[in-house]
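Remarks on the overall topology
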Amino acid sequence: MTQTNNQSVTDDLHARALAAAAYIRSVAQHQPRLGLVLGSGLGDFADHVQKAVAIPYSEIPNFPVSTVPGHSGRLVVGEIEGVPVVVMQGRVHAYEGYSMSEVTFPTRVLGLLGVKQLIVTNAAGGINPDYGQGAIVAISDHINFTGRNSVAGPNEPRFGPRFFDMTHAYSPDLRRLARKEAATQGWKLEEGVYIAVFGPSYETPAEIRAFRTLGADLVGMSTVHEVIVARHMGIDVLGLSVVTNMAAGVLDQPINHEEVMETGRRIAGQFTSLLTALIPQLANNTSAC
Ligand code: HPA
């Protein structure tokens, strides 16, 4: 690619993200500093947003629309406990056929809206046998095993630098607040390493054994590309996985999407209590910004 082509590719992405952000601002007047991405089976949390303005993804210029059952596809802007938030009720995945820039486009838009802290949530398979089905786990780090990187290609310096650090991709500060709040609510928030696969097939037991050897505690098909882009833009990240099923071969039983959705719904109350109490604390935690 020539220098001029590179420039036009990144100019175009930036302009498309600006157009989406401008549309959202024209519909919802809140000024969110905190963003939340709700994964499979976890979308109901969006119903707890107060003074909510819900915008279907299909109405937002250039926004990708999910094809997966359980991913509603609405952006909900409003407040949680008085904190302005922007909530993605559903996300798109690379396995649906979307490019890396489409998968991470919403994260770019959240950054342009002014988001400084991002909570990314997902459904994941539990590799670590200490986790039970339904456990909520704070992601401490990730292994990107998808074979793609969401910032490959021409770099847009208005978003961030060409090379950037991923040592604290998942903010230790935000994780500490989440652990503390879970303890206050009487349960232990586990921590673990999330390995991302491309999907959409679930893994084989041999793959899961290999991932355990690599140091992974959880496996899923999302999150890492959004987190890479968030870190590119200097956004602090808290990652929360819900162990919707034990990973392949951990138990001698097949995995299915309905089980994944059902577990998400089962822990919805606990998940909602954690997020509702945590969001004001994250927003007040200036040291993390
Ligand atoms: N593997 C990959 N992705 C997942 C799983 C799993 O077992 N459960 C929920 N998302």
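For the structure given in this document, a descriptive report is provided here. (Residues numbered from 1 in each chain as written. Predicted model: local features only at pLDDT ≥ 70, side-chain atom pairs only at ≥ 80, totals over all residues. Heavy atoms only, no water.)

**What to know about the site of the ligand**
Definition in use: Whether a residue is near a molecule or strand depends on its heavy atoms: it is near if one of them lies within 4 Å of it. Polar contacts, as counted here, are pairs of nitrogen or oxygen atoms within 3.5 Å of one another; within protein the pair requires one atom able to donate a hydrogen and one able to accept it, and residues that are adjacent in sequence qualify only if both atoms are side-chain atoms. All accessible areas in this document rest on Shrake-Rupley with a 1.4 Å probe, and a residue is counted as covered only by the protein chains that are shown. What counts as a helix is a DSSP run of H or I of at least four residues, what counts as a strand is a run of E of at least two, and both are numbered from the N terminus.
The local shell around the ligand consists of Ala123, Ala124, Gly125, Tyr202, Glu203, Val219, Gly220, Met221, Thr244, Asn245 and Val260. Between the ligand and the protein, one listed contact pairs a nitrogen atom with a backbone N or O atom of alanine 123 at 3.3 Å. One nitrogen or oxygen atom from the side chain of glutamate 203 is found 2.8 Å from a nitrogen atom belonging to the ligand. For the ligand, the protein covers 95% of the area, taking 260 Å² as the surface of the free molecule. Where the shell around the ligand is concerned, the elements lending two or more residues are β5 (117–126), β8 (218–220) and β9 (236–246).

**Some thoughts on helix α8 (residues 268–284)**
Here is the rule: To estimate the expected span of a helix, subtract one from its residue number and multiply by 1.5 Å. Burial here depends on accessible area, computed with a 1.4 Å probe over protein chains only, as a share of the maximum for the residue type. Under 20% is buried, over 50% is exposed, and the range in between is partly exposed.
An ideal rise of 1.5 Å per residue puts 24 Å on 17 residues; α8 measures up with 25 Å between its terminal C-alpha atoms. Phe271, Thr272, Leu274, Leu275, Leu278, Ile279, Pro280 and Leu282 are the residues of α8 that are buried.

**What about the packing of aromatic side chains?**
For clarity, the threshold we go by: Note on ring pairs: Phe, Tyr and Trp rings are taken, using the six-membered ring of Trp, and paired if centres are within 6.5 Å. Classes follow the plane angle, with under 30 degrees stacked, over 60 edge-to-face and the rest tilted. The rule for a charge over a ring is simple: NZ of Lys or CZ of Arg within 6 Å of the ring centre, and within 35 degrees of the ring normal.
This model, assessed by the stated rule, comprises 3 aromatic pairs. Seen from their ring centres, phenylalanine 63 and phenylalanine 105 are 6.1 Å apart, and the 80 degrees between their planes marks the pair as edge-to-face. One end of the pair, phenylalanine 63, is in the loop between β2 (50–56) and β3 (74–80); the other, phenylalanine 105, is in helix α3 (residues 105–113), and 42 residues separate them in sequence. By relative accessible area, phenylalanine 63 is classed as buried at 8%. Taken together, the ring pairs in this structure connect Tyr57, Phe63 and Phe105 into an aromatic cluster. The ring of phenylalanine 159 carries arginine 108 above its face, with NZ or CZ at 4.3 Å from the centroid.

**Some words on the pairing of strand β4 (residues 83–89)**
Basically, it comes down to this: Pairing between strands is defined by DSSP: at least two bridges between the two strands are required.
For β4, the tally of buried residues reaches 6 of 7 residues, placing the bulk of the element in the interior. The turn joining β3 and β4, which pair antiparallel and follow one another in sequence, is formed by 2 residues; a positive phi near 50 degrees is taken by glutamate 81.

**Concerning the pattern of salt bridges**
What counts is decided by this rule: When a carboxyl oxygen of Asp or Glu lies within 4 Å of a side-chain nitrogen of Lys or Arg, that pair is called a salt bridge.
This model, assessed by the stated rule, comprises 11 salt bridges. Among the ionic pairs, arginine 158 bridges to aspartate 11, the shortest N-O distance being 2.7 Å. Taken together, the positions of arginine 158 in the loop between β6 (136–144) and α4 (172–184) and aspartate 11 in helix α1 (residues 3–27) put the pair 147 residues apart, joining distant regions of the chain. Note on aspartate 11: relative accessible area 33%, which makes it partly exposed.

**Some remarks on α4**
What counts here: Working rule for contacts: check all heavy atoms of both residues, and any pair within 4.5 Å makes them a contact.
Under the 1.5 Å per step criterion, the end-to-end length of α4 is 18 Å for 13 residues, consistent within 8% with the ideal 18 Å. The complete set of buried residues in α4 reads Asp173, Leu174, Arg175, Leu177, Ala178, Glu181 and Ala182. Buried residues belonging to α4 abut β5, β6, β7 (190–196), β9 and α8. Just downstream of α4 lies glycine 186, where phi reads positive at about 95 degrees.

**Describing the environment of histidine 232**
Among the structural elements, histidine 232 can be located in helix α6 (residues 224–232). Spatially, the C-alpha atom of histidine 232 lies 9.1 Å from that of methionine 166, the residues being 66 residues apart in sequence. Ignoring sequence-local partners within four residues, the contact set of histidine 232 consists of Arg108, Val151, Asn155, Glu156, Phe159, Gly160, Pro161 and Phe164.

**Focus: the pairing of β5**
By the criterion of burial, β5 is predominantly enclosed, with 10 of the 10 residues buried. Two strands pair when backbone bridges link them, and strand β1 (residues 34–38) and β5 are joined in this way by 4 bridges, in the parallel orientation. Its bridge partner being in β5, glycine 35 is matched across the sheet by leucine 118. Relative to β9, β5 runs parallel, the two being bridged by 10 bridges. Its bridge partner being in β9, isoleucine 119 is matched across the sheet by leucine 238.

**Points about the environment of alanine 138**
Among the secondary structure elements, alanine 138 is positioned in strand β6. When its relative accessible area of 0% is taken as the criterion, alanine 138 is described as buried. A C-alpha to C-alpha distance of 7.4 Å links alanine 138 and leucine 238, two positions 100 residues apart in sequence. Aside from chain neighbours lying at most four places away, what touches alanine 138 is Arg175, Leu189, Glu190, Glu191, Gly192, Gly239 and Leu240.

**Observations concerning the environment of histidine 142**
Within the secondary structure, histidine 142 sits in strand β6. Given the relative accessible area of 14%, histidine 142 is considered buried. Between the C-alpha atoms of histidine 142 and leucine 240, which are 98 residues apart in sequence, the distance is 12 Å. Setting aside residues up to four positions removed in sequence, histidine 142 forms contacts with Met166, Tyr170, Val193, Tyr194, Val224, Val227 and Ile228. Polar contacts involving the side chain of histidine 142 include one to the side chain of tyrosine 170, which spans 2.8 Å.

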